[in-house]
Amino acid sequence: KYLYMAGTTTNRFGGLKLARMPLRQFMSATNTAHWQYYLGWDRWSAPTADEMAIDAQVPWLIPPTDPAFSYDQNYLASGCNGLGIGEFSIVWDAYLARFLLLTGTDSCTQQGLLRIYTAPALTGPWTSEPALVAMPNQDWDYYAPYSGPDLVANGGRTVYFLASTYRRYGVYLYRMDF
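Please read all numbers here as calculations on a predicted model, not as lab measurements. For every chain, the first residue of the written sequence is number 1, and numbering continues from 1 onward in sequence order. This being a predicted model, a pLDDT of at least 70 is required before a residue's local features are given, and a value of 80 or more before pairs of side-chain atoms are given or counted; all residues contribute to the totals for chains, interfaces and linings. Calculated side-chain values reflect all of the structure's heavy atoms, with hydrogen atoms and water omitted.

1. Re the pairing of strand 5 (residues 88-93)
Cut-off, in case you're wondering: One requirement defines pairing of two strands: DSSP has to find at least two bridges between them. Runs of H or I in DSSP of at least four residues are treated as helices and runs of E of at least two as strands, each being numbered from the N terminus.
Taken together, the six bridges between strand 5 and strand 6 (residues 98-104) define a ladder with antiparallel strand orientation. Looking at the pairing, Ser89 lines up with Leu102 of strand 6. Linkage of strand 5 to strand 6, two consecutive antiparallel strands, is achieved through a turn of four residues, within which Ala97 is found at a positive phi near 55 degrees.

Here it is, written out as structure tokens:
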């Protein structure tokens, strides 16, 4: 059994990559284990403490908006054009037989939307474009939609999640029915 970690860049302009660690090692009080990174085609890297050393080998499961993504580019200057995945959560939905990755649109031009990517397995293939789901208040800027297994009900037909907003700051509970 493994603990999986999905990650993106810190600036919300990257995509999604995947790592794992044996659960037993992660739970050990003396854990000195390192993460393995998904390399595609059911292959994983050797455990490494320096993910930057293998970064070019680790494929994006959901690619950045900019195909020439680089940590050296100043995406903040371009506003929302290069927005990728920011604060997100991934939850299994048995009704859809898919993992759902929930992310927001922040304060971008597509306010009032929840973005949902899906995949049949954590390793993909993930949808290349998110489904855009209208949220209750179209002028709010939603971000950080978090869900989890305890928030999925009715065999996956109902998914509850928490989401934050900037301008009307708060954390709100939402319900999504399939």
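2. Overview of the packing of aromatic side chains
Basically, it comes down to this: Between the rings of Phe, Tyr and Trp (Trp by its six-membered ring), a pair exists once the centres lie within 6.5 Å; its type follows the angle of the planes, with under 30 degrees stacked, over 60 edge-to-face, and the other angles tilted. Each residue is placed in one exposure class: buried if its accessible area under a 1.4 Å probe, protein chains only, is under 20% of its type's maximum, exposed if it is over 50%, and partly exposed if it falls in between. Any Lys NZ or Arg CZ that is within 6 Å of a ring centre and within 35 degrees of that ring's normal is treated as a charge sitting over the ring.
Evaluation of the coordinates by the stated rule reveals eleven aromatic pairs. Ring geometry for Tyr38 against Trp44: centres 5.0 Å apart, planes inclined by 65 degrees, an arrangement best described as edge-to-face. As far as burial versus exposure is concerned, Tyr38 and Trp44 are alike and both buried. Among the aromatic residues, ring-to-ring pairing joins Trp140, Tyr142, Phe161, Tyr172 and Tyr174 into one connected group. Taking NZ or CZ as reference, Lys17 lies 4.4 Å from the ring centre of Trp60, over its face. Positioned over the ring face of Tyr2 is Arg20, at 4.0 Å from the centre of the ring.

3. Examining the sheet that holds strand 1 (residues 2-7)
Spatially, four strands are ordered 1-2-3-4 in an open sheet, and the strand pairing comes out antiparallel. Each having just a single partner strand, strand 1 and strand 4 (43-44) make up the two edges of the open sheet. Here two bridges tie strand 2 (residues 17-22) to strand 3 (residues 36-40), and the two strands are oriented antiparallel to one another. Residue pairing in the sheet places Ala19 in a bridge with Tyr37 of strand 3.

4. A few points about the pattern of salt bridges
As a reminder, the rule being used: One speaks of a salt bridge when a side-chain nitrogen belonging to Lys or Arg is within 4 Å of a carboxyl oxygen belonging to Asp or Glu.
The full count for this structure, using the stated rule, is two salt bridges. Across the salt bridge formed by Lys17 and Asp55, the nearest N and O atoms sit 2.8 Å from each other. Of this pair, Lys17 sits in strand 2 while Asp55 sits in the loop between helix 2 (51-54) and strand 5, and the two are 38 residues apart along the sequence. On the basis of relative accessibility, which here comes to 12%, the residue Lys17 falls in the buried class. Assessed through its relative accessible area of 21%, Asp55 is described here as partly exposed.

Fair warning: the whole summary comes from geometry, so function is off the table for now.
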